[in-house]
Amino acid sequence: VSSGATHRGQTRESNQDQFLIAQLNKSMLVDSTSLDFEDRLFGRVQSEILLVADGMGGHAAGEKASQLAIQHLVRRLLNSSHWFDQLEDDKQREQEFISDLQRLLKDAHTRILRESAQHLERRGMGTTLTMAHLVWPRMYVVHAGDSRCYLVRDGQAQQLTTDHTLAHQMVQAGGMKPEDEETSRWSNVLWNVLGGHSE
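Draft legend 1. Quick peek at the environment of Tyr-150. Positionally, Tyr-150 belongs in strand E6 (residues 150-153). Classification of Tyr-150 by relative accessible area gives partly exposed; the value is 40%. Counting along the chain gives 125 residues from Tyr-150 to Asn-25, while the straight-line C-alpha distance between them is 25 Å. Here Tyr-150 is in contact with Ala-157, Gln-158, Gln-159 and Leu-160, once residues within four sequence places are set aside. Polar contacts involving the side chain of Tyr-150 include one to the side chain of Arg-148, which spans 3.0 Å.

Draft legend 2. The arrangement of the packing of aromatic side chains in detail. For the structure shown, the criterion picks out one aromatic pair. Their ring planes at 65° and their centres at 5.1 Å tell us that Phe-97 and Tyr-140 sit as a pair that is edge-to-face. Residue Phe-97 is found in helix H2 (residues 91-118), and its partner Tyr-140 is found in strand E5 (residues 138-144); the two are separated by 43 residues along the sequence. For the pair Phe-97 and Tyr-140, one class covers both residues: buried.

Draft legend 3. Here's a closer look at the confidence of the model for the chain. On average, residues of the chain score 86 in pLDDT, and 91% of them reach the 70 mark or higher. Looking at the elements of the chain, mean pLDDT is at its lowest for strand E1 (residues 17-29), recorded as 86, and at its highest for strand E7 (residues 156-159), recorded as 95.

Calculation rules
- Residues numbered from 1 in each chain as written.
- Predicted model: local features only at pLDDT ≥ 70, side-chain atom pairs only at ≥ 80, totals over all residues.
- Heavy atoms only, no water.
- Helix = DSSP H or I, 4+ residues; strand = E, 2+ residues; numbered from the N terminus.
- Buried < 20%, exposed > 50% of the residue type's maximum accessible area, 1.4 Å probe, protein only.
- Contact = heavy atoms within 4.5 Å.
- Polar contact = N/O pair within 3.5 Å; in protein donor to acceptor, adjacent residues only side chain to side chain.
- Phe/Tyr/Trp six-rings, centres within 6.5 Å; stacked < 30°, edge-to-face > 60°.
- pLDDT = per-residue confidence, 0-100.

Next comes the structure, spelled out in structure tokens:
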């Protein structure tokens, strides 16, 4: 069972977060038939996607960026039949699938940059994005920013993603102690997002 919720938190005036949890399955819309069918027929669930995006760049801009990211990814997923392929143990197809997930994020990044360039009031808007695509028994995770993905098993939470913050980069480079990362002034400065001011 999957569920989601979003809240503006204690300090923000607006909520720029978006999320989507959905099961992907094949369907057929019946135009006409002599058989006793429903108007739409559904196949079994092929996979599940879980998306979360945290917008940035001012209220309207951040909210728009997070909406655009999720809407763009959903449209691309629904219009590509290969998202329903079974990967099984085919390493080459699995690598192509992973490359496609990475391309999806890059496409969403480009889409947000285009929108930002067309509307001066949204210039520099961006969003974090974390996407988990569950194709049983595997889960593929792609992300940009610091919206984390955890695997919870047997009461233990394991962080699967790495925060794309300057503070985390400093810890990895040895310039900051791990215990200082959370309270650092660089802990909220992102170096990798969808949109923003950078390619």
